[in-house]
Amino acid sequence: LASAALLQATPPGFRFEVLHESRKPGSQARVGRIHTPHGVIDTPGFVPVGTNAALKGMTNAQAASCGVQLQFCNTYHLMVHPGVEVVEAAGGLHRFMGRPDGPPLITDSGGFQVFSLGKETTDDAPELKRRAAARGRNAGTLLSISERGVRFRSYRDGTVLRLTPESAVLAQKSLGADIIIPLDELPPLNVTRERLARSVELSHRWMTRSLHTHLADPRQQAMYGVVHGGTDRQLRAHSVEYLSGLPFDGYAVGGSLGRDRDEMLALLGYVLPLLPREQPNHVLGIADPASVERGVPLGADTFDSCFPTQIARHGTLLTASGRIHIGQGKYKSQHDCPIDPEAASGADCCDGVSRAYMHHLYKQREPLYETLASMHNVRFMMRMMATLRERILADDL
């Protein structure tokens, strides 16, 4: 850790600036900008997830029209198909996706997906950030965890693959995202404190190795350390102390965040103030409107989730008055009612589209429904974030 490589400064092209900190008593909210080689990200911000380097049902141009400034892609899925070597040959994710000039991208290490493939045990319990249960041909595809890394079977063809702290970073070098994440372990919610403490220490060692590999060849990429410790505040504080002593460019809050929203928010209210204020932070895997609105005053900068596009595909649309399920019969004849009547004219990507038309598209399973619904929900989140930034600037949040 004392090597010159690990003392290297923030990479060229990456910079975080705080524009305003709320003066509202008790608020930790702030407005900032993250500068990357592929563009600027306004914070607080929402980060939609495009698992396979694509937002479900949306083109790059449509995502841009909705205001997307940063998109999350999943390394594990891209390793399985098409393979990171294919993406690298295309010139990296930005060129592979046909968006060489941006906006920015963030990739994970692949760890969350790998650990989600383990067989369910008595340590698994209902929690806010659910790990998809691996069943059928995917059950038990996580083969082993060791100091070296993890071994697992590809969900696609059963090939045995290995992911190490070093290979996870090298894969993300090939992908070429602006922000990358080191490999970490993700134990279930109900593990013993002793097991959780061992996991935190293993993640720290893995992240240190990841950082060493990253700084040997930075490529203008930034790396965020991931704070672990489950719902144990002492372990979370220990994780913050350890990681903040290393030259990460920002910090993400990962691992189990609790059983419900209230437990998660209480945890974030404890952890976020411990992080270095001069660097950006990110809440991994949480971005429903209620959690975001309550998480921003705690000091959170960015949030990622597939939630808005996922619920869109299943018929749920976000509005200022709450969620609506467009498949319900009461929307069949709402010809003169836009999806969100409270959205200002021109504020919605689906201006001119009625609830009746969306109901028809959904019931007939028209592909256009998924596009319009995804665009609407993503745009809703972007408008919400802009409103939250305005409220912080006015010291109202």
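Residues numbered from 1 in each chain as written. Predicted model: local features only at pLDDT ≥ 70, side-chain atom pairs only at ≥ 80, totals over all residues. Heavy atoms only, no water.

### With respect to the sheet that holds strand β9 (residues 160-163)
In sheet architecture, strand pairing relies on hydrogen bonds along the backbone and comes in two forms, parallel and antiparallel. Pairing is antiparallel in the open sheet, where three strands are placed in the order β7-β8-β9. Looking along the sheet, the strands with just one partner apiece sit at the ends: β7 (142-145) and β9. Direction aside, the axes of adjacent strands within the sheet are offset by 20° on average. Examined bridge by bridge, strand β8 (residues 150-153) and β9 share four bridges and lie antiparallel to one another. Bridge pairing in β9 links Val150 to Leu163. (Pairing = 2+ DSSP bridges. Helix = DSSP H or I, 4+ residues; strand = E, 2+ residues; numbered from the N terminus. Axes fitted to C-alpha atoms, helices over the stretch in contact; angles between N-to-C directions.)

### Structural notes on the side chain of Asp340
Here Asp340 lies in the loop between β16 (322-325) and α12 (355-363). By relative accessible area, which is 3% here, Asp340 ends up buried. Every residue in contact with Asp340, bar those within four places of it in the chain, is listed here: Leu318, Thr319, Ala320, His376, Phe380 and Arg383. (Buried < 20%, exposed > 50% of the residue type's maximum accessible area, 1.4 Å probe, protein only. Contact = heavy atoms within 4.5 Å.)

### Notes on the confidence of the model for the chain
Detailed reading of predicted coordinates is not advised where the pLDDT is low. Of all residues in the chain, 92% have pLDDT values of 70 or greater, and the mean over the chain is 92. Across residues 1-5, confidence stays below pLDDT 50; counting only partners more than four residues off in sequence or on other chains, it has seven contacts. Low confidence marks residues 133-138, where pLDDT is under 50. Its contacts with residues over four positions away, or in another chain, come to eleven contacts. (pLDDT = per-residue confidence, 0-100.)

### Concerning the nonpolar core
Core analysis: the largest hydrophobic core is formed by 65 residues, its most contacted members being Phe248, Val292 and Val296. Residue contacts for Phe248: discarding those within four places in its chain leaves Pro182, Met207, Leu211, Met223, Tyr224, Gly225, Leu243 and Gln279. (Core = buried A, V, L, I, M, F, W, Y, C linked by side-chain atoms within 4.5 Å.)

### A look at the pattern of salt bridges
Counted under the stated rule, the structure contains 17 salt bridges. Across the pair Asp232 and Arg193 runs a salt bridge, and its minimum N-O distance is 2.7 Å. With Asp232 in the loop between β11 (222-227) and α8 (233-244) and Arg193 in helix α7 (residues 193-215), this residue pair connects regions lying 39 residues apart in the sequence. Its relative accessible area of 40% is what places Arg193 among the partly exposed residues. Of the charged contacts, one joins Arg198 and Glu194 as a salt bridge, the two residues approaching to 3.5 Å between their closest N and O atoms. (Salt bridge = Lys/Arg side-chain N within 4 Å of Asp/Glu carboxyl O.)

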